[in-house]
Amino acid sequence: MKINDAINRLDALKPNTYSQPEKIEWLSRLDSMVKKQIIDTHEGSEAVSFDGYTEDTPTDTVLLVPAPYDEVYLRWMEAQIDYHNHEYESYNNAIIMFNTAFEAYADYYNQHHMPASRGRRFLF
């Protein structure tokens, strides 16, 4: 999924007044979490570069989480909208759906990538 795909799908599913730069910032925060919490904990993480997204980032930039796990982006942005609108009951539901999608991707990634070695330790 690309940045513009995520934002367009969100706007179609959940009309809102938040700007594109705000949504890009939300996507950047999520991909930062994906990079640090999931990708960087596995071998080969150096092959994936991520420096964050800004409003100057081309909107055809591909996000880090592939299909079919890319629903995580919609659930994250829905939760952000509900939180910033002070709609906490909706936020709680959205963040549960996000956590479920995030965990599904993390489980998939963990199954298909070797954990990063942490070096040898000797016990005396």
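Preceding block: the structure.
Numbers given to residues run from 1 along each chain, matching the order in which its sequence is written. Restriction of local features to residues with pLDDT of at least 70 applies here, the model being predicted, together with a cutoff of 80 or more for giving and counting side-chain atom pairs; totals for whole chains, interfaces and linings are based on all residues. Heavy atoms from the whole structure form the basis of all side-chain values; hydrogens and water molecules are not counted.

Next up on the list: helix H2 (residues 20-38). Every α-helical turn comprises 3.6 residues, leaving residues that sit three or four positions apart pointing alike. Here a helix means four or more residues in a row that DSSP labels H or I, a strand means two or more in a row labelled E, and each is numbered from the N terminus. Any helix carries an expected span of 1.5 Å times its number of residues minus one. With 19 residues, H2 extends 26 Å between its outermost C-alpha atoms, agreeing within 8% with the 27 Å of an ideal straight helix rising 1.5 Å per residue. A simple rule labels every residue: compare its accessible area, found with a 1.4 Å probe on the protein chains alone, to the largest value its type can have, and call it buried under 20%, exposed over 50%, or partly exposed in between. Regarding H2, the residues found buried are Lys23, Ile24, Trp26, Leu27, Ser28, Leu30, Asp31, Val34, Lys35 and Ile38. Here a residue-residue contact requires only that any non-hydrogen atoms of the pair lie within 4.5 Å. Among the structural elements, helix H1 (3-13), helix H3 (71-84) and helix H4 (88-112) are those in contact with the buried residues of H2.

What follows covers the packing of H3 against H4. All axes are obtained by fitting lines to C-alpha atoms, using only the stretch in contact for helices, and the reported angles, taken between N-to-C directions, cover 0 to 180 degrees. At their nearest, the axes of H3 and H4 sit 8 Å apart, and the two run at 160° to each other. In terms of orientation, H3 and H4 fall into the roughly antiparallel class. In terms of crossing hand, the pair formed by H3 and H4 is left-handed. Here Val72, Arg75, Trp76, Glu78, Ala79, Asp82 and Tyr83 of H3 come into contact with H4, specifically with Tyr88, Ser90, Tyr91, Ala94, Ile95, Met97, Phe98, Ala101 and Phe102. Side-chain classes follow a simple rule in which Ala, Val, Leu, Ile, Met, Phe, Trp, Tyr, Cys and Pro form the nonpolar group, Asp, Glu, Lys and Arg form the charged group, and the remainder, Gly included, forms the polar group. Here the residues of the contact of H3 with H4 are counted per class, giving 12 nonpolar, one polar and three charged. Angles are sorted into four bins: roughly parallel if under 35 degrees, roughly antiparallel if over 145, roughly perpendicular if 65 to 115, and oblique for all others. We call a crossing left-handed when the near helix sits turned anticlockwise from the far one by less than a right angle, and right-handed when that turn is clockwise.

In plain words, nonpolar cores are sets of buried Ala, Val, Leu, Ile, Met, Phe, Trp, Tyr and Cys residues tied together by side-chain atoms within 4.5 Å. Membership of the largest hydrophobic core comes to 33 residues, with the highest contact counts inside it found for Leu27, Leu30, Val34, Tyr53, Leu63, Val72 and Tyr73. Taken together, the elements giving at least two residues each to this core come down to H1, H2, H3 and H4. Among the elements that make up this core, the one with the highest residue count is H4 (eight residues). Sequence-distant contacts of Tyr73, defined by excluding residues within four places in its chain, comprise Met1, Ala6, Leu27, Leu30, Asp31, Leu63, Leu64 and Val65.

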